[in-house]
Amino acid sequence: LNKIPEMVWIKYRSKSGSSYGGDMWYVYHTGLNGGSNPNNYHIALSSSNGQAADGVIDVGTTASHLGLRRPGGDSSATNDNTANYIAFLFASVEGISKVSKYTGTGSSGLSVTTGFQPRFLLIKRSDAGSTPWNVYDSVRGFSSGNDSVLYLDMTNAANTNTNFGEFTSTGFTINETYSDINNNGGNYLYYAHA
């Protein structure tokens, strides 16, 4: 990346089952805990739960090294001896991608600036549970009605009957006030890609 990662997904590949953390994708994002000490928190990619006060990424992580913690003291979750893991690392690149956060307003027309027009958008509310990982893209539609949204943590078909929002030349606008994308005062993590 040549820069410190702003979002990391990591999964234990060697074993399955919740006792080994094998069923969970652990996620670090700079927006966890509202951006205050995000290294002390994680959120699960495969769950609708909110953030947990237990970090997976070490503050010593650099542009060339990924430092890992053991959430709950469980070494198998992210750093078991001789285990195999897969990790995806993300960072903002001007004009191409943006890893950031926003605060919900509870009102239609919430504007978020990324500095470019996204074609892919991932949103997750971090401060409350029972909220899915929302995925929008320009191919399936995110413009002005009947937007298509998929949920990473569910097996549901795409929801296509709502005006969730739209991409703009400098970011995106949220038109709905649903808890999972725009609750008043809610903390939201996002990843946008051009």
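Here the structure is shown first, and the text comes after it.
Now for a description of the structure that goes with this document. (Residues numbered from 1 in each chain as written. Predicted model: local features only at pLDDT ≥ 70, side-chain atom pairs only at ≥ 80, totals over all residues. Heavy atoms only, no water.)

1. Details of the sheet that holds strand β9 (residues 147-151)
Hydrogen bonds along the backbone pair up the strands of a sheet, which may run parallel or antiparallel. Across the sheet, 6 strands lie side by side as β5-β13-β7-β8-β9-β10; this open sheet has antiparallel pairing. The outermost strands of the open sheet, each flanked by one partner alone, are β5 (97-103) and β10 (159-162). Strand after strand, the sheet turns through a mean of 30° between neighbouring axes, direction not considered. Alignment of strand β7 (residues 120-125) against strand β13 (residues 187-193), held across 6 bridges, turns out to be antiparallel. Residue Leu 122 lies in a different strand from β13, and its bridge partner there is Tyr 191. (Pairing = 2+ DSSP bridges. Helix = DSSP H or I, 4+ residues; strand = E, 2+ residues; numbered from the N terminus. Axes fitted to C-alpha atoms, helices over the stretch in contact; angles between N-to-C directions.)

2. Regarding the nonpolar core
In this structure, Tyr 102, Leu 121, Ile 123, Tyr 136, Phe 172 and Tyr 190 are the most contacted members of the largest nonpolar core, which totals 18 residues. Secondary-structure elements contributing two or more residues to this core are β6 (110-113), β7, β9, β12 (171-174) and β13. Here the element with the most residues in this core is β13; it accounts for 3 residues. Membership of the second largest hydrophobic core comes to 14 residues, among which are Trp 9, Val 27, Ile 43 and Phe 90. (Core = buried A, V, L, I, M, F, W, Y, C linked by side-chain atoms within 4.5 Å. Buried < 20%, exposed > 50% of the residue type's maximum accessible area, 1.4 Å probe, protein only.)

3. Topic: the side chain of His 29
Tracing the chain through its elements places His 29 in strand β2 (residues 25-29). Within the structure, the side chain of His 29 is placed 2.9 Å from the backbone nitrogen of Gly 31, a separation counted as a polar contact. (Polar contact = N/O pair within 3.5 Å; in protein donor to acceptor, adjacent residues only side chain to side chain.)

4. Looking at the pairing of strand β11 (residues 165-168)
By the alternation rule, side chains of β11 split into Gly 165 and Phe 167, which are all buried, and Glu 166 and Thr 168, of which none is buried. Pairing analysis gives 4 bridges linking β11 to β12, with the strands arranged antiparallel. The partner of Glu 166 across the bridge, within β12, is Thr 173. The antiparallel pairing of β11 with β12 creates a hairpin that spans 2 residues between the two strands.

5. Comments concerning a nonpolar patch on the surface
There is a patch of nonpolar side chains on the surface, built from Leu 1, Leu 66 and Leu 89 and spanning about 240 Å² of accessible area. Tracing the chain through its elements places Leu 1 in the segment before β1 (7-12). We classify Leu 1 as exposed; its relative accessible area is 53%. (Patch = residues over 30% accessible without salt bridge, like charges linked within 9 Å, V, L, I, M, F, W, Y side chains within 5 Å. Areas by Shrake-Rupley, 256 points an atom, 1.4 Å probe, with all protein chains shown as cover. Salt bridge = Lys/Arg side-chain N within 4 Å of Asp/Glu carboxyl O.)

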